[in-house]
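Letter by letter, the chains look like this.
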Amino acid sequence: MRILITGICGYLGFRTASFLADALPGAEICGLDNISRRGSESNLAALKKVGAKFYHGDIRVQADVDALPPADWLIDCAANPTVLAGSGVLNDTSSRQLMENNLSGTINLLEYCKRHSCGLVLLSTSRVYSISDLLSIKLRIKGERLEPVPPSTVLGFSKAGVSEDFSTRPPLSLYGTSKAASELLALEYSAAFGFPVWINRCGVIGGPGQFGRIDQGILSFWAYSKLLKRPLKFIGYSGRQVRDCMDASDVAALVMKQITSPSRNVPRVINAGGGLRGSFSLRELDALCSGFLGAGGPPPAIVRETRPYDVPYYVTDYRLAEKTWDWKPSLSAAEMVERICRWASDNESLVGQWFG
Ligand SMILES: NC(=O)c1ccc[n+]([C@@H]2O[C@H](COP(=O)([O-])OP(=O)(O)OC[C@H]3O[C@@H](n4cnc5c(N)ncnc54)[C@H](O)[C@@H]3O)[C@@H](O)[C@H]2O)c1
């Protein structure tokens with residue numbers, strides 16, 4: 001089996017390549033990356049070690065995608081994964097650049113799958129769920145975090161978290177919409193041209209070796225900032241906003257189940273995330289990092305205003321993945337933070353380089 005991973009030098013792409021090289025020794029792993037993510041070049045040597053072939057290229061450029069060898073599976077990990085991208089809050093990406101990357105890029109990959117009858121795994125996001133509906137969940141303060149007030153009347157939300165039935169009504173963020181549109185296109189191409197598609201809506205993914213961007217690697221960002229004694233801020237919700245997290249190897253384990261069972265008759269779109277055991281508030285994250293690293297830096301400043309697309313509570317209801325794939329996240333939030341802090345302490349100079 002040949003497996004092609006786009007974004008293979010990124011955090012998830014690289015971890016998935018390493019996991020699959022180990023778990024499927026007969027498989028040929030290769031991948032494409034344009035090395036646009038700062039730090040991604042540092043995975044090139046390790047990719048060689050696991051025997052994965054690297055192609056330098058861009059999913060937006062049809063000629064680069066056309067030049068790739070045929071594969072049995074394409075795992076799409078190449079995206080701009082920044083929720084604020086294109087919104088004008090950050091000045092690094094325009095809305096057109098975001099859509100070209102996350103949407104036109106998807107179309108090039110779908111044409112590749114059509115041409116080679118290649119299966120597709122799309123790493124989607126919990127950001128496809130409606131912001132206004134997430135904001136309508138009633139919450140109360142409990143200690144250092146927010147918690148939902150039961151019983152919930154919001155469709156698709158229960159004490160287990162947000163399920164696949166939750167509304168995907170815009171606004172979702174430009175990033176979330178680029179992913180939701182990619183999901184629809186992938187399902188449509190699959191129906192029209194008969195190649196298998198699996199879509200995993202992932203909550204926050206983290207773990208040792210992540211590049212530590214606030215928008216894409218909040219656990220690493222927080223741990224590295226504490227280690228380097230950089231100032232931190234609780235933006236909105238006094239630091240009590242809640243997310244969940246899972247390790248990249250959990251995502252890779254799910255992907256492996258999916259690519260080895262292309263025609264299983266189970267839902268094609270599922271949630272994957274850390275769930276309640278993998279949930280944390282920013283205050284809890286701060287306390288965990290202080291404990292594992294020794295208190296570092298001044299306490300986070302509290303900023304009252306929220307930013308566009310901020311939501312106070314998101315926990316993944318992953319029961320469908322559990323039922324259909326016998327899958328669940330392996331680590332609690334505290335276990336994940338401990339591993340990241342340990343890795344950061346052991347790799348302080350690399351972390352310093354990434355942070356500039
Ligand atoms: N990190 C998370 O918490 C998270 C959560 C949910 C979903 N996801 C999804 O998982 C996927 C991987 O995310 P990640 O955290 O590994 O991001 P990442 O930024 O670490 O990796 C993305 C990789 O893709 C490459 N890339 C970007 N645009 C490209 C292009 N046009 N052509 C070729 N290569 C390109 C980058 O250089 C980088 O190496 C994304 O699709 C993201 O939306 C991530």
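Up top you'll find the structure we're talking about.
Bear in mind that the values here come from a model prediction, so they are computed numbers and not experimental data.

Participant: How would you summarise the environment of Val121 if you had to cite specific residues and measurements?
Facilitator: Note that Val121 resides in strand E5 (residues 119-125). Take Val121: its relative accessible area is 0%, and that puts it in the buried class. Along the backbone, Val121 and Trp73 are 48 residues apart, and their C-alpha atoms lie at a distance of 7.5 Å. Setting aside residues no more than four positions away along its own chain, Val121 makes contact with Trp73, Leu74, Ile75, Asp76, Trp198, Asn200, Val255, Gln258 and Ile259.

Participant: Residues and numbers for the pairing of E5, please.
Facilitator: Of all seven residues in E5, seven are buried; the element is thus mostly enclosed. A two-sided burial pattern is seen for E5, the buried positions comprising Gly119, Val121, Leu123 and Thr125 on one face and Leu120, Leu122 and Ser124 on the other. Pairing geometry for strand E4 (residues 73-76) and E5, over four bridges, is parallel. Its bridge partner lying in E5, Ile75 is registered against Val121. In the classification by handedness, the crossover that spans E4, the intervening helix H4 (residues 95-116) and the parallel E5 is right-handed. Pairing analysis gives six bridges linking E5 to strand E10 (residues 197-202), with the strands arranged parallel. Its bridge partner lying in E10, Leu123 is registered against Asn200.

Participant: Give a description of the packing of aromatic side chains that names residues and reports values.
Facilitator: All told, the structure shown has eight aromatic pairs when counted by the stated rule. Centroid distance Tyr129 to Tyr314: 6.4 Å. Interplanar angle 15 degrees. Geometry classified as stacked. In this pair, Tyr129 sits in the loop between E5 and helix H5 (131-135) while Tyr314 sits in the loop between strand E16 (301-303) and helix H10 (319-325), placing the two residues 185 residues apart along the sequence. Both residues of the pair, Tyr129 and Tyr314, count as buried. Between the aromatic rings of Phe157 and Tyr313, the centroid separation amounts to 6.1 Å while the plane-to-plane angle is 80 degrees, which identifies the pairing as edge-to-face. Here Tyr313 lies in the loop between E16 and H10 and Phe157 lies in strand E8 (residues 157-158), a separation of 156 residues in the sequence. Tyr313 sits in the buried class, given a relative accessible area of 5%.

Participant: Account for empty space enclosed by the protein, naming residues and giving values.
Facilitator: All chains considered together, the criterion is met by one cavity of 30 Å³ or more. Estimated volume of the largest cavity: approximately 30 Å³. Asp76, Ala78, Ala79, Asn101, Asn102, Thr106, Leu122, Lys179 and Ser182 together form the lining of the largest cavity. Per element, the largest residue contribution to the lining of the largest cavity is three residues, and it comes from H4.

Participant: Summarise the sheet that holds strand E11 (residues 204-206); cite the residues concerned and give the values.
Facilitator: Here we have three strands laid out as an open sheet, ordered E11-E13-E15, and mixed in their pairing. Strands at the two margins of the open sheet, each flanked by one partner only, are E11 and strand E15 (279-281). On average, each strand axis in the sheet is inclined to that of its neighbour by 45 degrees, with strand direction left out of account. Bridge analysis of E11 against strand E13 (residues 242-247) gives three bridges, and the strand direction is parallel. Across the sheet, residue Ile205 finds its bridge partner in E13, namely Met246. Contacting E11 and E13, helix H8 (residues 248-259) crosses the sheet at an angle of about 65 degrees to E13. Across the sheet, helix H11 (residues 333-346) lies against E11, E13 and E15, angled at about 65 degrees from E13, the strand it touches most.

Participant: Lay out unusual backbone geometry in plain terms, naming residues and giving numbers.
Facilitator: A cis amide bond links Pro150 with the next residue in sequence, Pro151, at an omega value of -10 degrees. Positionally, Pro151 belongs in the loop between strand E7 (145-148) and E8. Cis rather than trans, the peptide bond between Pro170 and Pro171 has omega equal to 5 degrees. Along the chain, Pro171 falls in the loop between strand E9 (161-162) and helix H6 (174-193). If you check the backbone angles, Ser117 has positive phi at about 45 degrees while not being a glycine. Within the secondary structure layout, Ser117 lies in the loop between H4 and E5.

Participant: Residue-level account of the packing of helix H9 (residues 282-293) against H11, with values.
Facilitator: Running from N to C, H9 and H11 cross one another at 45 degrees; their axes reach a closest spacing of 9 Å. Classified by the interaxial angle, the pair formed by H9 and H11 is oblique. The two elements H9 and H11 meet at a crossing, and its hand is right-handed. Facing Leu285, Leu288, Cys289, Phe292 and Leu293 of H9, the residues of H11 in contact are Ala334, Val337, Glu338, Cys341 and Ser345. Taken together, the residues of the contact of H9 with H11 sort by class into eight nonpolar, one polar and one charged.

Rules used in this analysis
Residues numbered from 1 in each chain as written. Predicted model: local features only at pLDDT ≥ 70, side-chain atom pairs only at ≥ 80, totals over all residues. Heavy atoms only, no water. Helix = DSSP H or I, 4+ residues; strand = E, 2+ residues; numbered from the N terminus. Buried < 20%, exposed > 50% of the residue type's maximum accessible area, 1.4 Å probe, protein only. Contact = heavy atoms within 4.5 Å. Pairing = 2+ DSSP bridges. Right-handed = clockwise from strand over helix to strand, strands pointing away. Phe/Tyr/Trp six-rings, centres within 6.5 Å; stacked < 30°, edge-to-face > 60°. 1 Å grid on protein atoms, 1.4 Å probe; cavity = no way out; pocket = protein on both sides within 12 Å on 5 of 7 lines; lining within 4 Å. Points joined across faces, edges and corners; volume = space filled by probe spheres on them. Axes fitted to C-alpha atoms, helices over the stretch in contact; angles between N-to-C directions. Parallel < 35°, antiparallel > 145°, perpendicular 65-115°, else oblique. Left-handed = near helix turned anticlockwise from the far one by under 90°. Nonpolar A, V, L, I, M, F, W, Y, C, P; charged D, E, K, R; others polar.

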